[in-house]
Amino acid sequence: MKSVKFLFLLLLGAFFSSCTHWLIDTETRIQVKNSTNRDIYELSVISPGKRIVLVPDTLKVDESSNVHVISWVGKFKFAIFVKNLPDSVYLGEYELKGGSIKAEIKGEDMALKMVLK
Amino acid sequence: MRVENYSFVFAVFFANVFAWNPTPQVIEEQVPQTAFAQLLDFQNAARPEYNAYLSAGIIYLPLPSQSALLTEWGTHNGFAFRQRIGIWLTDNFDGKGSKGITFGLGWFGERQGWDNEDFLFVPNRGNFSQINQIHSWGLTIADSSKHWLFGGGLQYLNAKDESFRWWLLGTWSRFSIMPNFHKGDLQFINAQLFLQARELLGNENSWQNYLPDLEFSFYTKDSVKIFVSQNIFKQKYYLEGAFWARPQDFAYAALKFYPDPSRLLLALEATATKKDNDDIYFGGGITLPFLRVAYNHADDYESFFKSRGIWIVEIRLAIGSSGDSFFALKAPKAAPKEVKRIPMKKANFNSNNGE
């Protein structure tokens with residue numbers, strides 16, 4: 001019982017000393033894997049009319065990107081470019097919870113989705 | 001206490017945490033609002049009869065999902081915060097000096113905004129961090145026996161652009177006026193008519209205890225806010241309201257209970273606030289000497305990025321002194337003096353019966 005109280009106090013202490021970022025990741029380390037049937041490049045976060053590239057790597061089929069450290073934690077809309085297509089393909093809205101993430105891009109042709117692990 | 005009970009406390013504490021997201025626009029719009037509130041605090045703290053005022057506050061939300069920033073890109077986990085301090089000291093700050101003319105010096109500062117990491121001193125300043133500062137400095141001169149005080153000073157705002165403002169303060173007995181300027185342009189005038197009799201200021205206990213405190217804030221010709229505070233019972237229960245006279249609108253109403261009229265030890269408040277979309281929502285809070293816990297409180301809607309639907313915990317302090325008595329802002333009476341202790345005879349265990 002005492003240990004629970006101690007743990008509780010410790011958590012409370014961590015909260016009120018403004019140091020939850022020691023416990024919670026405030027950055028994301030992301031690696032992208034291409035499991036589609038085409039070459040893809042520039043995984044981006046998009047907003048109406050704008051984009052920010054998170055992973056600039058060009059990935060051939062079945063290739064994995066380098067690990068990129070990004071300060072994006074939260075819920076965002078993602079898109080990726082497919083080779084020989086003029087516009088990017090919308091992937092959907094995904095939540096990045098921080099920490100290490102492997103993002104696998106799946107699907108065929110233009111119907112792509114992202115699976116986060 | 002059992003483990004389940006702890007989890008219950010946490011469940012209650014963090015329930016409903018996803019109801020509100022600050023936006024960059026709201027964070028920026030907060031700056032002039034805080035600049036106004038800060039000078040109001042100065043006006044209330046620096047009174048002719050008072051000697052010193054000290055306040056501090058840190059609003060800290062422990063979970064990054066509680067105040068996720070909503071931008072065009074999505075919702076970013078992080079921390080909305082508010083850190084403030086206020087000091088006003090006169091050359092008679094211990095209340096032991098002569099009762100003649102006193103000079104005072106004040107600094108009210110605040111740092112507020114949103115950062116992607118939580119911090120006490122040094123922010124992380126990530127890509128979407130937005131950290132604004134508002135500071136007011138001022139000098140005052142007062143004669144407590146004649147009940148007047150004059151003051152003036154500077155105010156610094158840094159939001160998108162940096163700007164300096166300057167302000168003047170004139171207080172005589174129950175009337176006080178404070179204009180604020182940017183260069184030659186008048187920003188606002190705040191006029192106070194505190195009719196309520198205050199024992200703290202040397203007024204007698206009488207029917208005048210039940211006169212209202214009125215406050216008129218003139219932002220522009222077409223934007224005037226009125227604040228009324230009415231003692232309902234024994235200067236312990238108050239009914240407060242804030243209204244826009246132009247354009248006619250309701251801002252908030254509050255019922256406040258101070259078990260001790262010094263307002264220093266405990267305050268229980270229930271508020272009804274009008275949101276931008278015309279909804280009215282109810283909330284309240286409890287204020288202890290070093291801690292304030294509130295939910296949907298009108299003050300937080302006005303001073304903390306229009307927050308609602310979240311529990312606000314503020315580590316805080318606000319104490320003023322006049323002579324040898326202490327009180328909180330706008331209080332009618334001083335806190336009770338320290339209870340006298342009856343001296344007890346020490347038991348003498350070493351007594352030697354033989355002597």
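What counts as what
Residues numbered from 1 in each chain as written. Chains lettered and ligands numbered in written order. Predicted model: local features only at pLDDT ≥ 70, side-chain atom pairs only at ≥ 80, totals over all residues. Heavy atoms only, no water. Pairing = 2+ DSSP bridges. Helix = DSSP H or I, 4+ residues; strand = E, 2+ residues; numbered from the N terminus. pLDDT = per-residue confidence, 0-100. Contact = heavy atoms within 4.5 Å. Salt bridge = Lys/Arg side-chain N within 4 Å of Asp/Glu carboxyl O. Buried < 20%, exposed > 50% of the residue type's maximum accessible area, 1.4 Å probe, protein only. Axes fitted to C-alpha atoms, helices over the stretch in contact; angles between N-to-C directions. Phe/Tyr/Trp six-rings, centres within 6.5 Å; stacked < 30°, edge-to-face > 60°. Lys NZ or Arg CZ within 6 Å of the ring centre and 35° of its normal.

A. Looking closely at the pairing of strand E11 (residues 213–220) of chain B. Residue and element names in this part refer to chain B. Judged from the 6 bridges that link them, strand E10 (residues 185–194) and E11 form a sheet pairing that is antiparallel. Note that in E11 the partner of Gln192 across the bridge is Glu215. Here 7 bridges tie E11 to strand E12 (residues 223–233), and the two strands are oriented antiparallel to one another. Bridge pairing links Glu215 to Phe227 in E12.

B. Focus on the confidence of the model for chain B. Looking at chain B as a whole, the pLDDT averages 86, with 90% of positions reaching at least 70. Confidence drops under a pLDDT of 50 for residues 8–18 of chain B, and excluding neighbours within four residues, the segment shows 19 contacts in the predicted structure.

C. The arrangement of the pattern of salt bridges in detail. Overall, the coordinates contain 16 salt bridges over all chains when judged by the stated rule. Ionic pairing is found between Arg29 of chain A and Glu27 of chain A, a salt bridge with its closest N-O pair at 3.8 Å. Residue Arg29 of chain A is classed as partly exposed on the basis of its relative accessible area, which comes to 28%. Accessibility expressed as a relative area gives 33% for Glu27 of chain A, which makes it partly exposed. Residues Lys330 of chain B and Glu215 of chain B are paired through a salt bridge, measuring 3.9 Å at the closest nitrogen-oxygen approach. Separated by 115 residues along the polypeptide, Lys330 of chain B in the segment after strand E19 (325–327) and Glu215 of chain B in strand E11 bring together distant segments of the chain.

D. Structural context of unusual backbone geometry. All names here are of chain A. The residue Asp62 is not glycine, and still its phi comes out positive at about 70°. Among the secondary structure elements, Asp62 is positioned in the loop between strand E3 (50–59) and strand E4 (68–70). Residues other than glycine seldom take positive phi values, yet Asn84 does so here, at roughly 75°.

E. Looking closely at the sheet that holds strand E8 (residues 111–116) of chain A. Residues and elements named next belong to chain A. On the basis of which strands lie adjacent, the open sheet formed by 4 strands has the order E4-E1-E7-E8 and mixed pairing. Looking at which strands have only one partner, the edges of the open sheet turn out to be E4 and E8. Taken pair by pair, the neighbouring strands of this sheet meet at an average axis angle of 30°, ignoring direction. Relative to E4, strand E1 (residues 28–34) runs antiparallel, the two sharing 3 bridges. Looking at the pairing, Thr28 lines up with Ile70 of E4.

F. Expanded view of the environment of Ser145 of chain B. In this structure, Ser145 of chain B sits in the loop between strand E6 (130–143) and strand E7 (148–158). Residues Ser145 of chain B and Asn92 of chain B lie 53 residues apart in sequence; the distance between their C-alpha atoms is 14 Å.

G. Highlighting the packing of aromatic side chains. Tallying each qualifying case throughout the model produces 26 aromatic pairs over all chains. Centre to centre, the rings of Tyr41 of chain A and Phe81 of chain A are 5.3 Å apart; their planes meet at 15°, and the pair counts as stacked. Linking Tyr41 of chain A in strand E2 (residues 40–47) with Phe81 of chain A in strand E5 (residues 74–82), this pair joins segments that are 40 residues apart in sequence. Residue classification places Tyr41 of chain A among the partly exposed positions, given a relative accessible area of 26%. Look at Phe81 of chain A and you get buried, because its relative accessible area is 13%. Ring geometry for Phe42 of chain B and Phe108 of chain B: centres 4.9 Å apart, planes at 40°, overall tilted. With Phe42 of chain B in helix H2 (residues 24–45) and Phe108 of chain B in strand E5 (residues 101–115), this residue pair connects regions lying 66 residues apart in the sequence. For Phe42 of chain B, a relative accessible area of 0% translates into the label buried. Classification of Phe108 of chain B as buried rests on a relative accessible area of 3%. Ring pairing ties together the aromatic residues Trp72 and Phe76 of chain A together with Trp73 and Phe128 of chain B, which thus form one cluster. The residue whose ring lies beneath Arg263 of chain B is Tyr238 of chain B, and the NZ or CZ to ring-centre distance is 4.6 Å.

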